[in-house]
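Read off the chains here:
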Amino acid sequence: MPTDEEFRTYNEGVISEFRANRGRVSEPPFPILLLTTTGARTGRRSTVPLGFAVDDRGRVFVVGSKAGAPRHPAWFHNLRANPAVTVELGSGTHEAQAVVTTGEERDRLYGLVSDGTSAYERNTDRVFPVIVLDGVPAPG
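Description of the structure in this document. Please read these numbers as outputs of a predicted model, since none were measured by experiment.

Thresholds applied
Residues numbered from 1 in each chain as written. Predicted model: local features only at pLDDT ≥ 70, side-chain atom pairs only at ≥ 80, totals over all residues. Heavy atoms only, no water. Phe/Tyr/Trp six-rings, centres within 6.5 Å; stacked < 30°, edge-to-face > 60°. Helix = DSSP H or I, 4+ residues; strand = E, 2+ residues; numbered from the N terminus. Buried < 20%, exposed > 50% of the residue type's maximum accessible area, 1.4 Å probe, protein only. Lys NZ or Arg CZ within 6 Å of the ring centre and 35° of its normal. Pairing = 2+ DSSP bridges. Arc of directions from axis to C-beta. Contact = heavy atoms within 4.5 Å. 1 Å grid on protein atoms, 1.4 Å probe; cavity = no way out; pocket = protein on both sides within 12 Å on 5 of 7 lines; lining within 4 Å. Points joined across faces, edges and corners; volume = space filled by probe spheres on them. Axes fitted to C-alpha atoms, helices over the stretch in contact; angles between N-to-C directions.

1. As for the packing of aromatic side chains
Next, step 1: Within this structure, the stated rule accounts for 1 aromatic pair.
Next, step 2: Aromatic pair tyrosine 110 and phenylalanine 128: ring centres 6.2 Å apart, planes at 65°, arrangement edge-to-face. Of this pair, tyrosine 110 sits in helix α3 (residues 103-113) while phenylalanine 128 is found in the loop between α4 (119-122) and β7 (130-134), placing the two residues 18 residues apart along the sequence. Each member of the pair tyrosine 110 and phenylalanine 128 is classed as buried.
Next, step 3: Against the face of tyrosine 110 rests arginine 106, its NZ or CZ located 4.5 Å from the ring centre.

2. Quick look at the pairing of strand β2 (residues 45-51)
Next, step 1: Of the strand pairs in this sheet, strand β1 (residues 32-38) and β2 are connected by 7 bridges, and their pairing is antiparallel. Counterpart to isoleucine 32 in the pairing with β2 is glycine 51.
Next, step 2: Counting the residues between successive antiparallel strands, the hairpin from β1 to β2 contains 6 residues, one of them, glycine 43, with a positive phi of roughly 80°.

3. Observations regarding helix α2 (residues 74-81)
Next, step 1: Listed in full, the buried residues belonging to α2 are Trp75, Phe76, Asn78 and Leu79. Looking straight down α2, one finds its buried side chains confined to an arc of 160°; they lie on one side. For α2, exposure combined with an orientation more than 90 degrees from the buried face picks out Ala74, Arg80 and Ala81.
Next, step 2: Contact partners of the buried residues in α2: β1, β2, β4 (60-63), β5 (84-89), β6 (92-100) and β7.

4. Comments concerning the layout of surface pockets
Next, step 1: Considered as a void within the structure, the largest pocket measures approximately 1600 Å³ in volume.
Next, step 2: Considering the residues around the largest pocket, the lining is formed by 47 residues, among which Phe7, Leu50, Lys66, Pro73 and Trp75 are closest to the centre.

5. Brief notes about the sheet that holds β7
Next, step 1: Strand order across the open sheet formed by 7 strands is β2-β1-β5-β6-β7-β4-β3, with antiparallel pairing between neighbours. Edge positions in the sheet fall to β2 and β3 (53-54), since each has one partner strand and no second.
Next, step 2: Across the sheet, helix α1 (residues 4-20) lies against β1, β2 and β5, angled at about 80° from β2, the strand it touches most.
Next, step 3: Together, β3, β4 and β7 form the strand contacts of α3, whose direction differs from that of β4 by roughly 85°.

Set out below in C-alpha cells:
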C-alpha cells in the first residue's frame, strides 16, 4: 500500500502531464479526470487524478477506492462536506455537484467498473463509495 506521500508525489506528476497534454497521460493506462475539492477543515482547494466511468445515462462517475486503503480518500471526505467540485476532463473544465450514491444505485454503478474481485477489494473490508459528478458531460 503506498504511503500518503507516495500518493501525493505520483499524483503531482500525473496532474502535470494531464494539463500539459490536454487530458492525456501515459500512466495510469486508463482514462482519467482531475477532481478539485475544497478541504472540509482547511478550506484549501486540492486536486487529484481519478479514473472515471460513464453509465448508460451518460453520467460521469468516480469510485473512492484509494488502492484498497482501509480508509476513504481525503477527497471523498472533502466533497461530502462541500459537494461543489471542479472537474477537468480532456481539455474542458466543468463546475459540478458531487452526488454520493447509495444502495442499489451505488451497487449498479460499481458493477459497471468491477466484478467485486479486484486486488483493491481484497485489501480492505471497506465499501468503496461511488460518486456521480453531476454537470460533467460524458466525453465524446
